[in-house]
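# Structural features, examined
Now for the letters of each chain:
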Amino acid sequence: MGTLEFDGQRYLDGHASDPCELGWMRGAPPPADKRITFESDCFRTFPQIRWSLSHMRELTATVNVRRGPGAPSNMDRLDRTSEIDSLAFTDANGRSRGFEEALFDTYADGILVLHRGRIVYERYFGALEQHLPHSCHSVTKSHAGTLAAAFVHEGVLDDSKAIPHYLPEMQGSAWEDATLRQVMDMQTGLAHTEDYADENSDLWGYARACGFRPKLADHDGPQTLCDYLQSVRKKGAHGGTFDYLTVNTEVLAWVMARVTGQSFAQLLQERLWAPLGCEDDAYVIVDSAGMPMAGGGLSTSLRDFARFGELMRREGEWNGKQLIPAAAMQDLQKGNHPRQAPRWLLLSQPVVGHT
């Protein structure tokens, strides 16, 4: 089997780690050594994760994001596969590489490239297929932030209000004196760590509370996402310092749900999936209370992911309708973050292509 080296360790390469080749979850039932389960936590380890990213709905609780009743919106094609596959470049180590080779070496599950609204390149690898939703992880924040930006410019939300104005139960939490704008810009001083390589990081307590990881046998912490958010404490002053912390997006989504009476998943469906004419249903991970995970729980097909990116390129307009206020899009592009990062950068900037 082929291998690659990262940080002094050898791993199966993109070909050898192909979930179809390894036979994960094949059989009736699958053999014990080929099973991927949520309870064992093996679903997020390599190479099992290459199957899991396209099958999160089979592992944990989710809520559907319906594509809508109409026909899918048209996506023109201008196939340039042969040209793109023939591209060559020199990598950071001075080695000459081919484009397709690089896709396997970066463990791509799929890639879709749009140019001026037309699909010029589309390929799928491993467990991913055209109709299957793939985990978006933190690009879920892009969707949440876009919705919030729209609601602010429509007057549904007031970004100068403190979080308890919308969520009284957040009194006593880290966000009791944080404004909605500070949450949107991730300028909050939280006593919360987000280190993905550290099993003791606060991130994993959050993940267990929102249904993204199994709860340990002796778990006595917060049982739901909202319980977890209320337990986070303040570390420093809000405003001025940018600190990327996923829990901010969860607070943002909770505010939107409280004000609109619709969950994050319902807002995705009504404000984006249906009007964009998406091809496939998406879904979002939910906790034991049914709260969607807005910080990283969305799974969607590549073509519908691309539709969202195209909406951003068209500054919120889709087939003659302004789905996102033009003023919100202009503000996003202009930005006035004190650290020179565009406003809503981490919350609403789309990433379309290799997922």
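Residues numbered from 1 in each chain as written. Predicted model: local features only at pLDDT ≥ 70, side-chain atom pairs only at ≥ 80, totals over all residues. Heavy atoms only, no water.

The end-to-end C-alpha separation of helix α11 (residues 264-276) is 17 Å, in line with the 18 Å expected for 13 residues at 1.5 Å each. The largest bend in α11 is about 35°, located at Glu-270. For α11, every residue scored as buried is listed here: Phe-264, Ala-265, Leu-267, Leu-268, Leu-272, Trp-273 and Leu-276. One or two positions beyond α11, positive phi appears at Gly-277, with a value near 65°. (Helix = DSSP H or I, 4+ residues; strand = E, 2+ residues; numbered from the N terminus. Expected span 1.5 Å × (residues − 1). Bend = angle between axes of the 7 residues up to and from the residue. Buried < 20%, exposed > 50% of the residue type's maximum accessible area, 1.4 Å probe, protein only.)

A separate point is the pairing of strand β2 (residues 9-12). Here strand β1 (residues 3-6) pairs with β2 via four bridges, running antiparallel. Of the residues in β2, the one forming a bridge with Leu-4 is Tyr-11. (Pairing = 2+ DSSP bridges.)

In this structure, His-143 sits in helix α5 (residues 140-153). Accessibility expressed as a relative area gives 0% for His-143, which makes it buried. Placed 165 residues apart in sequence, His-143 and Phe-308 show a C-alpha to C-alpha distance of 8.3 Å.

Our focus in this paragraph is the environment of Lys-235. For Lys-235, the location among the structural elements is in the loop between α9 (225-231) and α10 (247-260). For Lys-235, a relative accessible area of 62% corresponds to the exposed category. In the structure, Lys-235 is positioned 44 residues away from Ala-191 in sequence and 4.6 Å away in space, judged by C-alpha atoms. When residues no more than four places from it in sequence are discounted, the contact partners of Lys-235 are Gly-189, Leu-190 and Ala-191. (Contact = heavy atoms within 4.5 Å.)

In total, this model carries 25 salt bridges according to the counting rule given. A salt bridge links Arg-44 to Asp-41; the nearest nitrogen and oxygen atoms lie 3.4 Å apart. You can call Arg-44 partly exposed: its relative accessible area is 25%. With a shortest N-O distance of 2.9 Å, Glu-83 and Arg-80 are connected by a salt bridge. Taking relative accessible area as the criterion, Glu-83 reaches 40% and is therefore assigned partly exposed. Owing to a relative accessible area of 35%, Arg-80 belongs among the partly exposed residues under this scheme. Each of the salt bridges in this network shares a partner with another, and the network as a whole consists of Arg-77, Glu-122, Glu-279, Arg-303, Asp-304 and Arg-307. (Salt bridge = Lys/Arg side-chain N within 4 Å of Asp/Glu carboxyl O.)

All right, on to the sheet that holds strand β8 (residues 134-135) then. The strand order across the open sheet formed by four strands is β3-β9-β10-β8, and the pairing between neighbours is antiparallel. Here the strands that pair on one side only, and so sit at the sheet edges, are β3 (62-65) and β8. In terms of strand pairing, β8 meets strand β10 (residues 298-300) through two bridges, oriented antiparallel. Residue pairing across strands places His-134 opposite Thr-300, the latter belonging to β10.

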